[in-house]
Amino acid sequence: MKILYAVQGTGNGHITRAIEIIEYLQKKGDLDILVSGIQSDIELPFKVKYKFSGLSFIFGKNGGIDFWKTFLKLKSRKLLKDIKSLKVKEYDLIISDFEPISVWAAIKAKKTCVGLSNQVATLHPLAPKPKKEDIMGRMVLQHYAPTHINYGFHFKSLDKNVFTPIIRKEVREIETTNLGHYTVYLPSYDDVKIIKRLNKIPLTEWHVFSKHSKKSYTVGNVSISPIDTKLFLNSIASSSGVLTNAGFGTTSEALFLKKKLLVIPMKKQYEQQCNAVALQDMGIKVLKKFNKNSIGLIDHWIKNGLTVEVDYQDNTKEIIDLIIKNHKKDKNKFSS
């Protein structure tokens, strides 16, 4: 069985999940790996056959996507060329973790593509949604990588094809402590803004991991470090709590490690807005903005925030077994 597994490289969560999934896919057949996107800070420890710049959203410094930089990075001709050049007909099974090139190549070739991501679960009818409808954000999520058949991940299992998060082995095996600091990951905010806000809470030690800095430094009670996966995980595991955006990976791992959690969803990012609603329903504190008015709310969370119990079983093998069982004959199925 020849399998193509395509991974979105815009966020770290896709890559860390892929590390767990690839281990099981390799046992199911002849596996090729495709990665597209330029925003991940993690490299896959496996041979990647196809590496594309893809269609990446660039993090800004004011709480959202930098649409201008995203536009400047967009190479539409190359994207179309990559879609055309990807020979998907040779594969018996194509699995995409919200990766657009593989999906559109499969559509072009009239081959079934199986979606396996948290994004497809966000669109599930039972998944929590914001009260205010974001029509454009929903359309982007629906059409960015529109897979034919979907298996998803959410904070809670929604049906037989929507599972609780895959938690990587390093997280499952790490020892947790509480050294009193708080771990911060807000990649869409400028370091200067983060420091300015968190310095206003002087009796708390903040460990900030930044996409915007290439060196470590400290300003008062706030330490800034470039993204380093081991240091980041160790910081979370030994923290009192985690302040982050409403992405799926870091929030899931913080919940699994029984850390109290405060999230600030990215502006105009539909999936994160949906995640924030789901987390709030679970009892997680959510802030709409990160400004001077947030300081009192953050301080209140430090003093009164509670952990939320979750039960995230190690079910990666069962998920892959189910997909292979259901789609091992997909080479004979075509969708228009």
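Within every chain, residues take consecutive numbers counted from 1 along the sequence as written. Reporting in this predicted model follows two pLDDT cut-offs: at least 70 for local features of residues, and 80 or more for side-chain atom pairs to be given and counted; totals over whole chains, interfaces and linings ignore these cut-offs and use all residues. To get the side-chain values, all heavy atoms of the structure are used, and hydrogens and water are removed first.

Draft legend 1. Quick look at the overall build of the protein chain. In terms of regular secondary structure, the protein chain is built from 13 helices and 14 strands. Only protein chains enter the accessibility calculation, which uses a 1.4 Å probe; a residue whose area is less than 20% of its type maximum is buried, one above 50% is exposed, and one in between is partly exposed. Burial statistics for the protein chain: of 336 residues in total, 55% are counted as buried. The contact criterion used is simple: two residues touch if any of their non-hydrogen atoms lie within 4.5 Å. Long-range pairs, those at least 24 residues apart, make up 66% of the contacts in the protein chain between residues at least 6 apart in sequence. Labels follow the DSSP assignment, with helices taken as runs of H or I lasting at least four residues and strands as runs of E lasting at least two, numbered in each case from the N terminus.

Draft legend 2. Looking closely at the nonpolar core. Tyr-5, Leu-116 and Leu-255 are the most contacted members of the largest nonpolar core, which has 52 residues in total. The leading source of residues in this core is helix H1 (residues 12–25), at 6 residues. Apart from residues no more than four positions distant in its own chain, Leu-116 is found in contact with Ile-21, Ile-95, Ser-96, Asp-97, Tyr-151, Phe-153, Ile-319, Ile-320 and Ile-323. Ala-6, Ile-101, Val-103 and Ala-105 belong to the second-largest nonpolar core, a separate cluster that totals 23 residues. What we call a nonpolar core is a set of buried Ala, Val, Leu, Ile, Met, Phe, Trp, Tyr and Cys residues that are connected through their side-chain atoms within 4.5 Å.

Draft legend 3. Main features of the pairing of strand S12 (residues 241–244). Alternating residues of S12 divide into Gly-241 and Leu-243 and Val-242 and Thr-244, and every residue in both groups is buried. One bridge is not enough; two strands pair if DSSP finds at least two bridges between them. The pairing of strand S8 (residues 182–185) with S12 spans 4 bridges and is parallel. Its bridge partner lying in S12, Thr-183 is registered against Val-242. Two strands pair when backbone bridges link them, and S12 and strand S13 (residues 260–263) are joined in this way by 4 bridges, in the parallel orientation. Looking at the pairing, Thr-244 lines up with Val-263 of S13. In the classification by handedness, the crossover that spans S12, the intervening helix H10 (residues 248–256) and the parallel S13 is right-handed. Handedness of a crossover: with both strands directed away from the viewer, a clockwise path from the first strand across the helix to the second marks it as right-handed.

Draft legend 4. The confidence of the model for the protein chain, seen in detail. pLDDT is a per-residue confidence score from the predictor, ranging from 0 to 100. The share of residues in the protein chain with pLDDT of 70 or more is 90%, and the mean pLDDT across the chain is 90. Scored below 50 in pLDDT, residues 332–336 makes 12 contacts in the model with residues more than four places away or belonging to other chains.

Draft legend 5. Layout of the packing of H1 against helix H13 (residues 316–327). Angles run from 0 to 180 degrees between N-to-C directions of axes, and those axes are lines fitted to C-alpha atoms, restricted for helices to the stretch in contact. Remark: H1 packs on H13, axes separated minimally by 10 Å, with the N-to-C direction vectors making an angle of 55°. Overall, the two elements H1 and H13 adopt an arrangement that is oblique. The two elements H1 and H13 cross, and the hand of that crossing is right-handed. Across the interface between the two elements, Glu-20, Ile-21, Tyr-24 and Leu-25 from H1 touch Thr-316, Lys-317, Ile-320 and Ile-324 from H13. Considered class by class, the residues forming the contact of H1 with H13 number 5 nonpolar, 1 polar and 2 charged. Angle categories are assigned with fixed cut-offs, so that under 35 degrees is roughly parallel, over 145 is roughly antiparallel, 65 to 115 is roughly perpendicular, and the rest are oblique. Each helix crossing is assigned a hand: it is left-handed if the near helix lies turned anticlockwise from the far helix by less than a right angle, otherwise right-handed if that turn is clockwise. Think of it as three bins: nonpolar holds Ala, Val, Leu, Ile, Met, Phe, Trp, Tyr, Cys and Pro, charged holds Asp, Glu, Lys and Arg, and polar takes everything else, Gly as well.

Draft legend 6. Quick look at the pairing of S8. Here S8 shows two buried faces, one formed by Tyr-182 and Val-184 and the other by Thr-183 and Tyr-185. Between the parallel pair S8 and strand S9 (residues 206–210), the chain is carried across by helix H8 (residues 191–198), and the sense of this crossover is right-handed.

Draft legend 7. Up close: the side chain of Thr-122. Along the polypeptide, Thr-122 turns up in helix H5 (residues 118–122). The exposure class of Thr-122 is buried, given its relative accessible area of 1%. Other than its neighbours up to four places away in sequence, Thr-122 contacts Ala-127, Lys-129, Leu-141, His-154, Glu-271, Cys-274 and Asn-275.

Draft legend 8. Broad picture of helix H4 (residues 100–109). Counting buried positions over the 10 residues of H4 gives 7, a clear majority of the element. Those residues of H4 lying buried are Pro-100, Ile-101, Ser-102, Val-103, Ala-105, Ala-106 and Ala-109. Buried residues in H4 make contact with strand S1 (2–8), strand S2 (30–36), strand S3 (50–52), helix H3 (76–85), strand S4 (93–97) and helix H6 (135–144). Between the side-chain oxygen of the N-cap and the backbone nitrogen of Ile-101 there are 2.9 Å, and the N-cap of H4 in question is Glu-99. Backbone geometry just after H4 places Lys-110 at a positive phi near 60°. Distance and chemistry together define a polar contact, namely a pair of N or O atoms within 3.5 Å, with one atom able to donate a hydrogen and the other to accept it when in protein, and with adjacent residues in sequence counting only for side-chain atoms on both sides.

Draft legend 9. Up close: the side chain of Asn-221. Looking at the element boundaries, Asn-221 is found in the loop between strand S10 (217–219) and strand S11 (222–226). Engagement of the side chain of Asn-221 in a polar contact is seen with the backbone oxygen of Ile-201, the distance being 2.8 Å. Side-chain polar atoms of Asn-221 contact the backbone oxygen of Thr-204, separated by 2.7 Å. Not counting residues up to four positions away in its chain, the partners in contact with Asn-221 are Leu-198, Asn-199, Ile-201, Pro-202, Thr-204, Glu-205 and Trp-206.

Draft legend 10. Spatial organisation of H1. To estimate the expected span of a helix, subtract one from its residue number and multiply by 1.5 Å. End to end, H1 covers 20 Å across 14 residues, agreeing with the expected 20 Å (1.5 Å per residue, within 8%). Counting buried residues along H1, 11 of its 14 residues qualify, which places the element largely inside the surrounding structure. Every buried residue of H1 is accounted for by Asn-12, His-14, Ile-15, Thr-16, Arg-17, Ala-18, Glu-20, Ile-21, Ile-22, Tyr-24 and Leu-25.

Draft legend 11. Layout of a positive patch on the surface. Together, Lys-84, Lys-87, Lys-89, Lys-108 and Lys-110 make up a region of like positive charge exposed at the surface. Inspection of the secondary structure assignment puts Lys-110 in the loop between H4 and strand S5 (114–117). Nonpolar side chains (Val, Leu, Ile, Met, Phe, Trp, Tyr) within 5 Å and like charges within 9 Å form the patches, drawn only from residues with over 30% relative accessible area and no salt bridge. Each accessible area is a Shrake-Rupley result for a 1.4 Å probe, and residues are judged covered by the shown protein chains and nothing else. By salt bridge we mean one thing: a side-chain nitrogen of Lys or Arg within 4 Å of a carboxyl oxygen of Asp or Glu. Counting rule applied: Lys, Arg positive; Asp, Glu negative; His and chain ends not counted. Every charge is mapped onto a representative atom, which is NZ of Lys, CZ of Arg, CG of Asp or CD of Glu.

Draft legend 12. Focus on the sheet that holds S4. A sheet is described by the order of its strands in space; here 7 strands give the open sequence S3-S2-S1-S4-S5-S6-S7, paired in parallel fashion. Both outer strands of the open sheet, S3 and strand S7 (162–163), are each paired with one neighbouring strand and no more. Where S4 and S5 come together, 2 bridges link them in parallel fashion. In the sheet register, Ser-96 faces S5, and the bridge partner there is Gly-115.

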